Amino acid sequence: MSEKGMNLTLKIWRQKDSKSKGKMETYPVTNISEHMSFLEMLDVLNEQLVEEGKEPVAFDHDCREGICGMCSLHINGEAHGPDRRVTTCQLHMRMFNDGDTIHIEPWRAKAFPVIKDLIVDRSAFDRIQHAGGFISVNTSGNTIDANAIPIEKEDADEAFNAATCIGCGACVASCKNASAMLFVGAKISQFSLLPQGQVEAKNRALNMVKQMDLEGFGNCTNTGACEVQCPKGISLDNIARMNRDFLSASVKK
Ligand code: SF4
Ligand code: FES
């Protein structure tokens, strides 16, 4: 195995704050190992910038294990980059070649304003969750054991699949309409498939969809780009289920 690393040219969006106009800046990085993650490669760049007395590039990250949903980069025009079913923190530099130019931008959506460089404000997702992404649980001391409630295996599996959504926002960033329907569909489905989710089912669908619209996300036109770019493989079926729940809640109003 060759020990020689890759030399790359990075074109990175720099933006001082939400009010400033941003622009792409060019940075060379050298000797990048194919075993590094994309974020480790950015760490190398930032160390280099600090040594040069320049401001490092701001980007979101936390767990670096594909769990927290913080990392969020648009890499060469794709949310989370060229690999599939991985977050940016799990993307490896072996997906790139020596001499490549890599374009790195923040998520682009009206509802996700840029805070600084590659960091966007995703609090719109929090507000959608607050509008209905919860269940009422009896915590009085005589709580029914969840295992005592029989649930169809198929429903349990689908609810768990929906629950793997990490709220990263790649679905919004990859949609030409900046629609948040895959995220909201997943967050509604994880409850609507289970008996524990039925108490608030009607208000949940109505309130979460209302908040989604208030936040300025676009409409779904069934392009399916969100499903392709979603690092957790959240299925479009969740959007159909959300639409059914919303329609039936609207009719029963
Ligand atoms: S649906 Fe997928 S892409 Fe969208 S927020 Fe959830 S994990 Fe991220
Ligand atoms: S840093 Fe947590 S999912 Fe990427």
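Residues numbered from 1 in each chain as written. Chains lettered and ligands numbered in written order. Predicted model: local features only at pLDDT ≥ 70, side-chain atom pairs only at ≥ 80, totals over all residues.

Novice: So what's going on with the overall build of the protein chain? Residues and values would help.
Specialist: When helices and strands are tallied, the protein chain shows eight helices and seven strands. With respect to the principal axes defined by its C-alpha atoms, the protein chain has extents near 60 × 40 × 40 Å. Burial status across the protein chain gives 36% buried among its 253 residues. (Helix = DSSP H or I, 4+ residues; strand = E, 2+ residues; numbered from the N terminus. Buried ≥ 20, exposed ≤ 12 C-beta atoms within 10 Å, placed from the backbone.)

Novice: How would you explain the site of ligand 1 if you had to name every residue and give the values?
Specialist: Residues in contact with ligand 1 amount to 14 residues; listed here are only the nearest, C165, C168, A170, C171 and C230. Those elements that provide at least two residues to the shell around ligand 1 are α4 (170-174) and α5 (181-192). With three residues, α5 is the single largest residue contributor to the shell around ligand 1. Across the shell around ligand 1, the residue classes break down as 11 nonpolar, two polar and one charged. (Near = placed C-beta within 6 Å. Nonpolar A, V, L, I, M, F, W, Y, C, P; charged D, E, K, R; others polar.)

Novice: Can you lay out the packing of α5 against helix α8 (residues 237-251) for me, pointing to particular residues and giving the numbers?
Specialist: Put simply, α5 and α8 touch, their axes get as near as 8 Å, and they point 70° apart. With respect to α8, the element α5 is oriented roughly perpendicular. Between α5 and α8 lies a crossing whose hand is left-handed. Facing M181, L182, V184, G185, A186, I188, S189 and S192 of α5, the residues of α8 in contact are N238, I239, R241, M242 and D245. Split by residue class, the contact of α5 with α8 holds seven nonpolar, four polar and two charged. (Axes fitted to C-alpha atoms, helices over the stretch in contact; angles between N-to-C directions. Parallel < 35°, antiparallel > 145°, perpendicular 65-115°, else oblique. Left-handed = near helix turned anticlockwise from the far one by under 90°. Contact = placed C-beta atoms within 7 Å.)

Novice: Could you give an account of unusual backbone geometry, with specific residues and numbers?
Specialist: Although it is not a glycine, N31 adopts a positive phi angle of roughly 55°. Mapped onto the secondary structure, N31 falls in strand β2 (residues 23-32). A positive phi angle, close to 55°, is found at N222, a residue other than glycine. Examined against the element boundaries, N222 turns out to sit in the loop between α6 (201-214) and α7 (225-229).

Novice: Which residues make up the domain arrangement of the protein chain, and what are the values?
Specialist: Assigned domains within the protein chain: domain 1 (6-115) and domain 2 (123-251). One C-alpha centre belongs to domain 1, the other to domain 2, and the line joining them spans 29 Å. Taken together, the 18 residues of domain 1 in the interface contact 16 residues of domain 2. Each residue belonging to the side of domain 1 that touches domain 2 can be placed in one class, and the counts come to eight nonpolar, six polar and four charged. (Domains from an automatic or database assignment.)

Novice: An account of the environment of G53 is requested, with residue identities and associated values reported.
Specialist: Summarising the element assignment, G53 is placed in the loop between α1 (38-51) and β3 (74-75). Sequence separation of G53 and E227 is 174 residues, and the distance between their C-alpha atoms is 41 Å.

Novice: Describe in detail the sheet that holds strand β1 (residues 6-14), supporting the description with residues and values.
Specialist: With mixed pairing, the five strands of this open sheet are ordered in space as β2-β1-β5-β3-β4. A strand with exactly one partner marks an edge of an open sheet, and here the two such strands are β2 and β4 (78-79). Bridging between β1 and strand β5 (residues 101-105) involves four bridges; their strand directions are parallel. When the sheet's bridge partners are listed, L10 is paired in β5 with I102. Against the sheet, α1 engages β1 and β2, with an angle of about 100° to β2. (Pairing = 2+ DSSP bridges.)

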